[in-house]
Amino acid sequence: MRDAQAKTIYLKDYQIPAFLIDLTELKFDLGETETRVESRLHMRRNAELLGNQQTQLRLDGQDLQLVSVKLNGTLVPSTDYQVDDDSLTLLNLDKHLGASLDSGFILECETLIKPQENTSLEGLYKSSSMFCTQCEAEGFRKITYYLDRPDVMSKFVTTIEADRSRYPVLLSNGNNIASGEAEGNRHWATWEDPFRKPCYLFALVAGDLKFIEDHFTTMSGRDITLRIFVEAKDLDKCDHAMLSLKNSMRWDEEVYGREYDLDIFMIVA
C-alpha cells in the first residue's frame, strides 16, 4: 500500500531525465465498466546527460492493470520488467534495443483502468455522465505508465472511441484531425497537438455537451475558432465567458506579443 503522506521533493535532489519522449500516441476505448488505454511512446536516451548509459527505464503508474508491454513491436516477457504500486520498470533495455536506445525506440503499453471507480479526481474519472481528466500535478500516471514529470515534453496524438449516444462529444488537446464511425453505435475522434508539453497538461472530455462558437482574429490575421462546451441547461450562461476569452487573447498579444498557436480554443465548463 502506498504511503498516504505527500513526499517532499527538493530542488537539490533534481536530476535531469535519463530518457525523453518525443511523441505520445494514445488510444482510449471508453467503456461503462472499464477503459482500455493503449500508449505508443516514441522515446530515446537523453543525450544531454553526459555519459548516459542507462539500461533500465522506470515509468510512473498508479491504479493501473497492465495487459502488455512491447518494445519496437516485440512483446517483452514478464521476466524483463517489474511492476509495483507506483511504477513499471523495464530491465535490460540494451538486450532488447541495442543501438536504438540512443537513436530512438517505441514503447507500447496496454492498460486497463476503471474511471467509474476513480474517486480521487485525478487521472481519468467519471463525473456524472461525463468522462473527465485532471492531470495536474501528477494525475497522468493514473491513465497510463509514463514519465510523469514536468521537464519531459512531448507532442500528443490522442484517439478516443466511445458510445455515440452517451458521448456524442469527444475532446482532447490540439486540433481535430480525423473522426469516424465504429461498430456497435460507437464513434471515434483523433486530436493532434503538435507542440511539446508536459503530460500534466493533457486533457480529455467525453460527454453529451452543447457549445457556443465564436471566432478570434490573431495579430497575424489567423482565424481561430472559439468554443465553450457546457451541458444544454447552461448554454445561455456562456456569453460573458466568451467575451472574457476574446479579451484575454487580445491582451496576451498586446502585452506579451503572444499569438495563439492552434486552430481552435476550447473550454469545457
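Look up a bit, the structure's there.
Residues numbered from 1 in each chain as written. Predicted model: local features only at pLDDT ≥ 70, side-chain atom pairs only at ≥ 80, totals over all residues. Heavy atoms only, no water.

### Structural notes on the nonpolar core
One finds L90 and L107 to be the most contacted residues of the largest nonpolar core, which totals 54 residues. Other than its neighbours up to four places away in sequence, L90 contacts T55, Q56, L57, L59, V69, L71, D80, Y81 and L107. The next biggest cluster of nonpolar side chains, apart from the first, holds 10 residues, and it includes L226, V230, M242 and L245. (Core = buried A, V, L, I, M, F, W, Y, C linked by side-chain atoms within 4.5 Å. Buried < 20%, exposed > 50% of the residue type's maximum accessible area, 1.4 Å probe, protein only. Contact = heavy atoms within 4.5 Å.)

### A closer look at the packing of aromatic side chains
Counted by the stated rule, this structure contains 11 aromatic pairs. Ring geometry for F140 against Y146: centres 4.8 Å apart, planes inclined by 70°, an arrangement best described as edge-to-face. Neither residue differs from the other here; F140 and Y146 are each classed as buried. The exposure class of F140 is buried, given its relative accessible area of 0%. Between the NZ or CZ atom of K12 and the centre of the ring of Y10, over which it lies, the distance is 5.1 Å. Geometry around F131 places K126 over its ring, the cationic atom sitting 5.0 Å from the centre. (Phe/Tyr/Trp six-rings, centres within 6.5 Å; stacked < 30°, edge-to-face > 60°. Lys NZ or Arg CZ within 6 Å of the ring centre and 35° of its normal.)

### Let's talk about unusual backbone geometry
Between E136 and A137 the backbone carries a cis peptide bond, its omega angle lying at 10°. For A137, the location among the structural elements is in the loop between β10 (130–134) and β11 (154–163). One non-glycine residue, D63, adopts positive backbone phi at about 60°. Take D63: it is sitting in the loop between β3 (57–60) and β4 (65–71). Backbone geometry places N72, a non-glycine residue, at a positive phi of 50°. Within the secondary structure, N72 sits in the loop between β4 and β5 (74–75). With a relative accessible area of 40%, N72 lands in the partly exposed category. (Helix = DSSP H or I, 4+ residues; strand = E, 2+ residues; numbered from the N terminus.)

### Notes on the environment of S128
Within the element layout of this structure, S128 appears in the loop between β9 (123–127) and β10. Classification of S128 as exposed rests on a relative accessible area of 67%.

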